[in-house]
Amino acid sequence: MEYFLTEEQKTIKDLARKIAEERVLPVRAELDETEDFPRAIMKYLADADMFRVFIPEEYEGLGGGCLELCLVVEELSRVCAAISTCYAVNALGCYTLIEFGTEEQKRKYLPDIAAGRRLTAFALTEPTAGSDAGAIK
């Protein structure tokens, strides 16, 4: 059901699928066995501008949003849930900065995140909530 995607979104989806099939599929079993972080794949995704898809244009992104992010995650997930999670977690950490960071923080960090020179993460814990982000007080 792709009739509602723009040409740019179709291009993102197609490129993510190609990367998943050509770069991820051949190494996914080895990565699972060794439990190594997929640095080479993250670098390849960065070089293909996949980290730019959800970053606003003013911070060197492509100006997409959650849909573009989901298109990439979906295609990576078709081949390897672990790789797609590594990619998606970077976005999770990044969205906090996009939504709540100061302008100075955004200008300092988002261009490097968009280029894949920096990866982000999202971590939380609280005595009454544990790791339930919705229960944080």
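Everything in this summary refers to the structure shown in the same document. (Residues numbered from 1 in each chain as written. Predicted model: local features only at pLDDT ≥ 70, side-chain atom pairs only at ≥ 80, totals over all residues. Heavy atoms only, no water.)

Along the backbone of the protein chain there are six helices and zero strands. The C-alpha atoms of the protein chain give 16 Å as radius of gyration, which agrees with the globular expectation for 137 residues (14 Å, within 12%). For the protein chain, the residues scored as buried account for 37% of the 137 residues in total. Carbon and sulfur atoms form 52% of the exposed surface of the protein chain, whose accessible area is close to 8,300 Å². Distance between charge centroids for the protein chain: 2 Å, based on 16 positive and 25 negative side chains. (Helix = DSSP H or I, 4+ residues; strand = E, 2+ residues; numbered from the N terminus. Rg over C-alpha atoms; globule rule 2.2 N^0.38 Å. Buried < 20%, exposed > 50% of the residue type's maximum accessible area, 1.4 Å probe, protein only. Areas by Shrake-Rupley, 256 points an atom, 1.4 Å probe, with all protein chains shown as cover. Lys, Arg positive; Asp, Glu negative; His and termini not counted. Charge placed at Lys NZ, Arg CZ, Asp CG, Glu CD.)

Once that is clear, we can look at the packing of helix α5 (residues 81-100) against helix α6 (residues 103-115). In contact at an axis separation of 10 Å, α5 and α6 are set at 155° when each is read in the N-to-C sense. Judged by the angle between their axes, α5 and α6 are roughly antiparallel. The two elements α5 and α6 cross, and the hand of that crossing is left-handed. Residues Asn90, Cys94, Leu97 and Ile98 of α5 lie in contact with α6, whose contacting residues are Gln105, Lys106, Tyr109, Leu110 and Ile113. Tallied by class, the residues present in the contact of α5 with α6 amount to six nonpolar, two polar and one charged. (Axes fitted to C-alpha atoms, helices over the stretch in contact; angles between N-to-C directions. Parallel < 35°, antiparallel > 145°, perpendicular 65-115°, else oblique. Left-handed = near helix turned anticlockwise from the far one by under 90°. Contact = heavy atoms within 4.5 Å. Nonpolar A, V, L, I, M, F, W, Y, C, P; charged D, E, K, R; others polar.)

Quick look at helix α4 (residues 66-79) now. With 14 residues, α4 should cover 20 Å at 1.5 Å per step; its first-to-last C-alpha distance of 20 Å lies within 8% of that length. By the burial criterion, the buried members of α4 are Glu68, Leu69, Leu71, Val72, Val73, Glu75, Leu76 and Val79. Elements in contact with the buried residues of α4: α1 (7-24), α2 (28-34), α3 (39-47) and α5. (Expected span 1.5 Å × (residues − 1).)

As a rule of thumb, non-glycine residues mostly have phi less than zero, and peptide bonds are mostly trans rather than cis. With a phi close to 60°, Glu35 is a non-glycine residue in the positive phi region. Locating Glu35 in the fold gives a position in the loop between α2 and α3. Backbone geometry places Glu60, a non-glycine residue, at a positive phi of 75°. Residue placement: Glu60 occurs in the loop between α3 and α4. With a relative accessible area of 44%, Glu60 lands in the partly exposed category.

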